[in-house]
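Next come the chains, spelled out residue by residue.
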Amino acid sequence: MSKVCFVTTGATAPFRKLIEAALSPASLDAFLQCGVTHIFIQYGTAKDVYQSSAEAARQYLNENGTEHKLNIDGMDFDSSGLIEQFKLVKQTQGLAISHAGSGSILEGLRFQVPLIVVPNTALLDNHQEELAVAMDRAGYVIHGNVDHLAPAIEASEGFRTKMAQFPPATAGKERKVKSFANIMDETVGFTDFNNE
Amino acid sequence: MASPPPSALYTPTFLLALLTTLLLCLTLRALAILPSRSPKPRLRTPGTPTRVVIVLGSGGHTQEMLYLLRDLDPAKYTHRTWVVSSGDAFSAGRAVAFESEMESRAGSGHGKNVGPGTFDVVTVPRARSIHQSLLTTLGSSLRCLCACFAPLLGFTTASSMAQAPTKDLPDLIVTNGPATACILVFAALLLRFFNVRGAQSRGKCTTVYAESFARVKTLSLSGKLLVRVVDRFLVQWEGLEGVGGGRAEFVGVLV
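Residues numbered from 1 in each chain as written. Chains lettered and ligands numbered in written order. Predicted model: local features only at pLDDT ≥ 70, side-chain atom pairs only at ≥ 80, totals over all residues. Heavy atoms only, no water.

- The name given to chain B in an unreviewed UniProt entry is UDP-N-acetylglucosamine transferase subunit ALG14, and the organism recorded there is Paraphaeosphaeria minitans.
- Taken from UniProt, the Subunit (unreviewed entry) comment for chain B reads in full: "Heterodimer with ALG13 to form a functional enzyme."
- We quote the UniProt Function (unreviewed entry) comment for chain B here in full: "Involved in protein N-glycosylation. Essential for the second step of the dolichol-linked oligosaccharide pathway. Anchors the catalytic subunit ALG13 to the ER." (UniProt positions renumbered as here; feature names shortened; annotations may be inferred.)

- Per an unreviewed UniProt entry, the recorded name for chain A is UDP-N-acetylglucosamine transferase subunit ALG13, and the organism is Paraphaeosphaeria minitans.
- One UniProt comment on chain A, placed under Subcellular location (unreviewed entry), says "Endoplasmic reticulum".
- As recorded by UniProt, the Function (unreviewed entry) comment attached to chain A reads in full: "Involved in protein N-glycosylation. Essential for the second step of the dolichol-linked oligosaccharide pathway."

As for helix 6 (residues 128–137) of chain A
Residues and elements named next belong to chain A.
- For helix 6, the full list of buried residues reads Gln128, Leu131, Ala132, Ala134 and Met135. The buried residues of helix 6 occupy an angular sector of 170° when the element is viewed end-on, so they sit on one face.
- Following helix 6 by one or two positions, Gly139 adopts a phi angle in the positive range, close to 85°. (Buried < 20%, exposed > 50% of the residue type's maximum accessible area, 1.4 Å probe, protein only. Helix = DSSP H or I, 4+ residues; strand = E, 2+ residues; numbered from the N terminus. Arc of directions from axis to C-beta.)

Here we look at the state of the cysteines
- Under the counting rule described, the total for this entry stands at zero disulfides over all chains.
- The structure places no disulfide on Cys34 of chain A, whose sulfur is separated from the nearest cysteine sulfur, that of Cys5 of chain A, by 9.1 Å.
- Between Cys205 of chain B, a cysteine without a disulfide, and Cys148 of chain B, which holds the nearest cysteine sulfur, the sulfur-to-sulfur distance is 12 Å. (Disulfide = S-S within 2.5 Å.)

Focus on the pairing of strand 4 (residues 95–99) of chain A
Residues and elements named next belong to chain A.
- Across the five residues of strand 4, five count as buried, placing the element largely inside the fold.
- Burial along strand 4 is two-sided: Leu95, Ile97 and His99 facing one way and Ala96 and Ser98 facing the other are all buried.
- Of the strand pairs in this sheet, strand 1 (residues 4–8) and strand 4 are connected by four bridges, and their pairing is parallel. Following the sheet pairing, Thr8 is matched in strand 4 by Ser98.
- Chirality of the crossover, the property in question, places the unit of strand 4, helix 5 (residues 102–109) and strand 5 (residues 115–118) among those that are right-handed. (Pairing = 2+ DSSP bridges. Right-handed = clockwise from strand over helix to strand, strands pointing away.)

Here's the deal with the sheet that holds strand 2 (residues 79–85) of chain B
Residue and element names in this part refer to chain B.
- Pairing in this open sheet of seven strands is parallel, and the strands run 3-2-1-6-7-8-9 from one edge to the other. Each edge of the sheet is formed by a strand with only one pairing partner; in this case those strands are strand 3 (119–124) and strand 9 (248–250). The average undirected angle you get between the axes of adjacent strands in this sheet is 25°.
- The pairing of strand 6 (residues 172–175) with strand 7 (residues 206–210) spans four bridges and is parallel. Paired with Val174 across the strands is Val208, a residue of strand 7.
- Helix 4 (residues 134–153) contacts strand 1 (51–55), strand 2, strand 3 and strand 6 of the sheet and is inclined by roughly 170° relative to strand 3. (Axes fitted to C-alpha atoms, helices over the stretch in contact; angles between N-to-C directions. Contact = heavy atoms within 4.5 Å.)

Structure (structure tokens):
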């Protein structure tokens with residue numbers, strides 16, 4: 001039975017350290033432990049980093065006699081978005097690892113698969129770290145550290161059963177919050193401000 | 001004794017008094033149009049023609065805005081005007097795709113308020129390009145401001161595409177913070193300030209701003225500029241609740 005891990009590093013400014021982290025020996029061990037059979041990396045323009053890291057990773061797997069258990073593959077960037085990759089993850093009960101750009105996070109969350117979000121700490125004055133911490137606390141994602149990625153990978157299996165629904169329920173019995181449509185309605189007067 | 005000539009009136013004291021009076025009037029008017037703490041609109045019956053202006057920005061803003069609008073009901077919001085910046089073909093394309101999706105969901109038929117004629121996409125000059133200097137930004141912002149009045153003052157429908165646009169103000173303006181949005185909100189405030197076509201007295205041009213889901217602890221630049229002037233300022237993380245002098249409403253994740 002196959003199980004896919006999809007790693008996305010961003011299209012415009014690829015997160016090189018994330019490619020290296022995902023293919024490090026500690027991460028590879030964690031993937032094997034979780035039963036991952038395919039690692040698929042969207043490396044953007046960082047093909048050089050991907051190729052050398054993948055080479056080293058295959059060598060490591062060879063030395064441990066596990067090369068037949070774990071496939072490594074990659075692509076530069078799919079202009080049609082990441083939907084096909086996330087679908088594959090969903091079908092195989094796999095997991096996804098993403099840089100902390102809000103676009104990728106929002107796309108990945110809708111598939112309700114364990115999503116590890118890794119902020120790029122090299123970027124100055126950005127809010128990736130804050131977002132990753134807040135999303136982790138709310139139970140939507142796992143906040144991963146690029147220097148210690150393995151613990152987050154190991155945590156992904158347990159996370160599958162307890163992750164929060166995204167987007168949060170805005171209708172029906174489980175409704176907790178208003179949707180943007182509700183807010184528009186009460187603002188223009190379609191619904192009573194206080195009843196809604 | 002002959003009365004002094006009128007020019008004797010123009011003393012520094014007189015000018016100062018005039019200036020003070022003018023400033024006072026402007027301030028009072030600004031206070032009158034700026035949002036009160038509890039906006040309570042008149043109840044609106046479904047079926048009332050309701051026009052919404054949606055400001056889209058480059059990639060990330062547009063994607064988030066379309067997530068925000070995923071439950072937009074064309075039966076209620078009978079006409080949508082999408083405002084995009086020049087050169088942003090991505091956003092314009094996404095707006096049209098969103099409309100066609102809404103159309104296929106609703107099914108064709110009269111009174112569904114979907115399809116051609118129930119929406120328009122308006123392009124305005126970019127307020128600011130990346131790395132643009134401050135001085136030229138002033139010029140491009142002014143050009144953007146002038147262009148922002150058109151989508152506020154009227155809209156096109158399919159049957160009147162070749163004719164003059166239908167004249168009416170939007171009931172609601174929603175945005176999530178591209179630079180163009182700040183300019184458009186400012187244009188809407190000017191219309192309310194001078195009560196153009198009853199913008200103020202008829203309760204038109206109500207503004208809603210949703211801060212990006214990516215902002216957890218601090219507001220974006222657009223957010224800081226708009227937090228005190230929009231009617232509702234929504235934040236998606238608890239840490240931002242009440243910023244801007246208590247104006248930010250924490251509403252949870254909306255995207």
